[in-house]
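# Breakdown of the fold
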Amino acid sequence: MNLSLEITGLTKSYVDSDFVLDDVSFSIPSGTIMGFVGENGAGKTTTIKSILNTVHKDSGTIRLMGQEMTDRDTALREDIGVVLDSANFPEVLTPGKLAKVMRGIYRQWDQALYVRLTDKFALPMNRKIKEFSRGMTMKLAIAAAMSHHPKLLILDEATSGLDPVTREEILEVFLEFVEDERHAILMSSHITSDLEKIADHITFIHQGKIILTAVKDELIYDYGVARCTREQFKRIAEGDRLTYRVREHQIDVLVEDKQGFGQKYSGVTVDQVSIDEILLLLVKGEK
Amino acid sequence: MRGLLLNNYYSLQNNIKSSLGIALLLSLVSFAGVDHSVLNAVIAAQIWIFVLSIGASLQMDEASKWNRFELTMPIRRKTVIHAKYLSFLMLILMGTAVSLVTLALTYVSKGDIAHLNLSTGYTFGLSLSISTLAIYYPVILKFGVEKSEQMVMISAGLSLGLRFLVWMLLNLYRDDVNFNGPETGYATLIPAVFLFAVSYLIAVRIHRNKEF
């Protein structure tokens, strides 16, 4: 299996902060989309900054397309498309001027593809970015990120603050992108419904640590949340629960195999669980 | 590199237009029949005024987080600095080019400019611009652009201090050296250029260790 991204034992701390990225490890097979989920300040952006070398990691290994990336590896960065939480282009630029800038930086820049994508997103080529809405700036960032034929797309909150129609359009573009088996996407997002639609794997991060990485379909179809009374909860073996959360009238228990759990503990209702609820139980729950 | 230079130019474009307008207005002084000391001051100001526009461009880059984004592109950190310093030189060249308009207008109004000694204006403008940028940029790169305007003024003040120091040193050897004279001007250019080269190396080092 080819890995587009492989992170092993990544640690990163800041001098002026208590936050620590602690032994972060996960990988993205080519041809797949990895959803990267966590609450604000969990370490998603620091992980992405470490991957992109915009911050200096303390230790660990990050391999992009099988290769560790240093400042010198400019050819490797040709293969990486990046969309950060805002457009990140000077506001005085227009999409037309941005293309001229990008053409002078990326050897693989494909002007025809850029024009096609900006047309698809209905972006005016001669209007300044400062006059764009957030949706338009994010579409522009995505068009620019894809127009140099990257193999790996790294998206940090690329769909946040966008309306459902725009998000749908953008998600379609991402799905088309991974139709090529050599491509992959790392997508951090608060909007877990987007990840439920397109991700193949989900990685959960909390307080700088990876708490779970799983295949999305397993999370949706195999994982479940058991709604237990206190008496029912006492019967559950520790090994059969991932985390639990005590509520006012019940205890919610996150289980890995809802079918098996249902058979073993008859009388306990086990509901399908959303990514949001899994995150909530992992972050707020007890072991 | 070409893309970075182009981006720097686009970011500076509005300020360049303003600087160009002011510099061209200053050129009109040549028609007023003023003496060569005023013309020297005009030429120095025309060169230096373009340097003032750099702060707005850097603030724009920081506001859009372009500084972070450019590191994700296929360019090295030192190339980013290289492009910045080339853009600085481009600004100085623009100022110098516009000052030629003053010479042309003086020629038109007076007919003969061979007797005017305008080297003071050029050496003053160039040394002031070069050393202002040399001091300003590494500091801004290290500590951020929030105090950009103040830092330009402090850098300009320190650049004048450099000229004063050179003048004092020259006075140790000769008694007749004028602060505004061509000897001080040419002699100040040497440490200014040296400072610019050192500034580039320091900026590369700061950028290499900086986190975005």
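Owing to the predicted nature of the structure, the values given are computational and were not obtained by experimental measurement.

Once that is clear, we can look at a positive patch on the surface. Judged by side-chain charge, R72(A), K78(B), R205(B) and R208(B) come together as a positively charged surface patch. Summarising the element assignment, R208(B) is placed in helix α8 (residues 182-209). The exposure class assigned to R208(B) is partly exposed, which follows from its relative accessible area of 47%.

So, on to a nonpolar patch on the surface. A cluster of nonpolar side chains, L25(B), L28(B), F31(B), Y107(B) and V108(B), forms an exposed patch at the surface whose accessible area comes to about 550 Å². Among the residues examined, V108(B) registers a relative accessible area of 60% and is labelled exposed.

Let's shift gears to the sheet that holds strand β7 (residues 152-156) of chain A. The pairing of strands in a sheet happens through backbone hydrogen bonds and is either parallel or antiparallel. Residue and element names in this part refer to chain A. Here six strands make up an open sheet; going across it, the order is β6-β7-β8-β3-β9-β10 and the pairing mixed. Edge strands, defined here as strands with exactly one partner in the open sheet, are β6 (80-83) and β10 (209-215). This sheet shows a mean twist of 15 degrees between the axes of neighbouring strands, independent of strand direction. In terms of strand pairing, strand β3 (residues 33-37) meets strand β9 (residues 201-206) through four bridges, oriented parallel.

What follows is about the UniProt feature "transmembrane region" (unreviewed entry) in chain B. Per the UniProt entry, the sites bearing "transmembrane region" (unreviewed entry) are residues 38-58, 85-108, 120-139, 151-173 and 185-204 of chain B in this numbering. As a span, residues 185-204 of chain B carries 100% helix and 0% strand, and end to end its C-alpha atoms are 29 Å apart.

Glancing now at the confidence of the model for chain B. Caution applies to low-pLDDT parts of the model: their predicted coordinates are not meant to be read in detail. Per-residue confidence for chain B averages 90 on the pLDDT scale, and 99% of its residues sit at or above 70. Model confidence for the complex is summarised by a pTM of 0.88, with the ipTM given as 0.86.

Next up on the list: the pairing of strand β11 (residues 224-228) of chain A. Residue and element names in this part refer to chain A. Summarising burial for β11: four of the five residues are buried, a large majority. Two strands pair when backbone bridges link them, and β11 and strand β13 (residues 251-255) are joined in this way by five bridges, in the antiparallel orientation. Across the sheet, the residue bridging to C228 is I251, located in β13. Note: β11 against strand β14 (residues 269-272), four bridges, orientation antiparallel. Residue pairing in the sheet places G224 in a bridge with Q272 of β14.

Interface extent is often summarised as the accessible area lost during association of the parts. Residue-level contacts link 29 residues of chain B with 31 residues of chain A. Both sides together, the interface formed by chain B and chain A hides about 2900 Å², and carbon and sulfur atoms give 58% of it. One can count three salt bridges joining chain B with chain A. Measuring nitrogen to oxygen at the nearest pair gives 3.8 Å for the salt bridge that ties R76(B) to D71(A). The set of elements that each furnish at least two residues to the side of chain B that touches chain A consists of α1 (2-27), α3 (54-63), α4 (66-69) and α8 of chain B.

All names here are of chain A. Its identity as a non-glycine residue notwithstanding, M65 has a phi of 50 degrees, on the positive side. For H149, which is not glycine, the phi torsion reads 55 degrees and is therefore positive. Of the residues examined, H149 reaches a relative accessible area of 42% and is grouped as partly exposed.

On the surface, a cluster of negative charge is made up of D200(A), D217(A), E218(A), D222(A), E256(A) and D257(A). According to the relative accessible area criterion, D257(A) is partly exposed, its value standing at 44%.

Turning our eyes to something else, we now look at the sheet that holds strand β4 (residues 59-64) of chain A. Residues and elements named next belong to chain A. Pairing within the open sheet is antiparallel, and its four strands lie in the order β2-β1-β4-β5. Bordering the open sheet on either side are β2 (20-29) and β5 (67-68), each of which pairs with just one other strand. Pairing between strand β1 (residues 3-13) and β4: five bridges, direction antiparallel. Bridge pairing links I7 to I62 in β4. The sheet contacts of helix α1 (residues 44-51) involve β1, β2 and β4, and relative to β1 the element is tilted by about 115 degrees.

Right, let's get into the pattern of salt bridges. According to the stated counting rule, one finds 20 salt bridges over all chains in the structure shown. Across the salt bridge formed by D176(B) and R174(B), the nearest N and O atoms sit 3.3 Å from each other. A relative accessible area of 55% places D176(B) in the exposed class. Counted as one network, the salt bridges with shared partners bring together R227(A), R247(A), D252(A), D271(A) and E277(A).

The subject of this paragraph is empty space enclosed by the protein. Per the counting criterion, the structure on display carries two cavities of 30 Å³ or more. Taken as a whole, the largest cavity spans an internal volume of roughly 140 Å³. Along its surface, the largest cavity is lined by 15 residues, and L58(B), E62(B), N67(B), Y137(B) and L141(B) are the ones closest to its centre. If you list the elements that add at least two residues to the lining of the largest cavity, you get α3, α5 (77-110) and α6 (119-143) of chain B. Of the residues assigned to the lining of the largest cavity, the class counts are seven nonpolar, three polar and five charged. Of the pockets and cavities examined, the second largest cavity occupies roughly 40 Å³. Lining the second largest cavity we find I80(A), G81(A), V82(A), M102(A), Y106(A), A144(A), A145(A), H148(A), F69(B) and T72(B). Among the elements of the structure, β6 and α5 (134-146) of chain A are those that each provide at least two residues to the lining of the second largest cavity. Per-element tally for the lining of the second largest cavity: the top contributor is β6(A), with three residues. When its residues are assigned to classes, the lining of the second largest cavity shows seven nonpolar, three polar and no charged.

Thresholds, definitions, all that
- Residues numbered from 1 in each chain as written.
- Chains lettered and ligands numbered in written order.
- Predicted model: local features only at pLDDT ≥ 70, side-chain atom pairs only at ≥ 80, totals over all residues.
- Heavy atoms only, no water.
- Patch = residues over 30% accessible without salt bridge, like charges linked within 9 Å, V, L, I, M, F, W, Y side chains within 5 Å.
- Areas by Shrake-Rupley, 256 points an atom, 1.4 Å probe, with all protein chains shown as cover.
- Salt bridge = Lys/Arg side-chain N within 4 Å of Asp/Glu carboxyl O.
- Lys, Arg positive; Asp, Glu negative; His and termini not counted.
- Charge placed at Lys NZ, Arg CZ, Asp CG, Glu CD.
- Helix = DSSP H or I, 4+ residues; strand = E, 2+ residues; numbered from the N terminus.
- Buried < 20%, exposed > 50% of the residue type's maximum accessible area, 1.4 Å probe, protein only.
- Pairing = 2+ DSSP bridges.
- Axes fitted to C-alpha atoms, helices over the stretch in contact; angles between N-to-C directions.
- UniProt positions renumbered as here; feature names shortened; annotations may be inferred.
- pLDDT = per-residue confidence, 0-100.
- Contact = heavy atoms within 4.5 Å.
- Buried area = accessible area lost by both parts, 1.4 Å probe.
- 1 Å grid on protein atoms, 1.4 Å probe; cavity = no way out; pocket = protein on both sides within 12 Å on 5 of 7 lines; lining within 4 Å.
- Points joined across faces, edges and corners; volume = space filled by probe spheres on them.
- Nonpolar A, V, L, I, M, F, W, Y, C, P; charged D, E, K, R; others polar.

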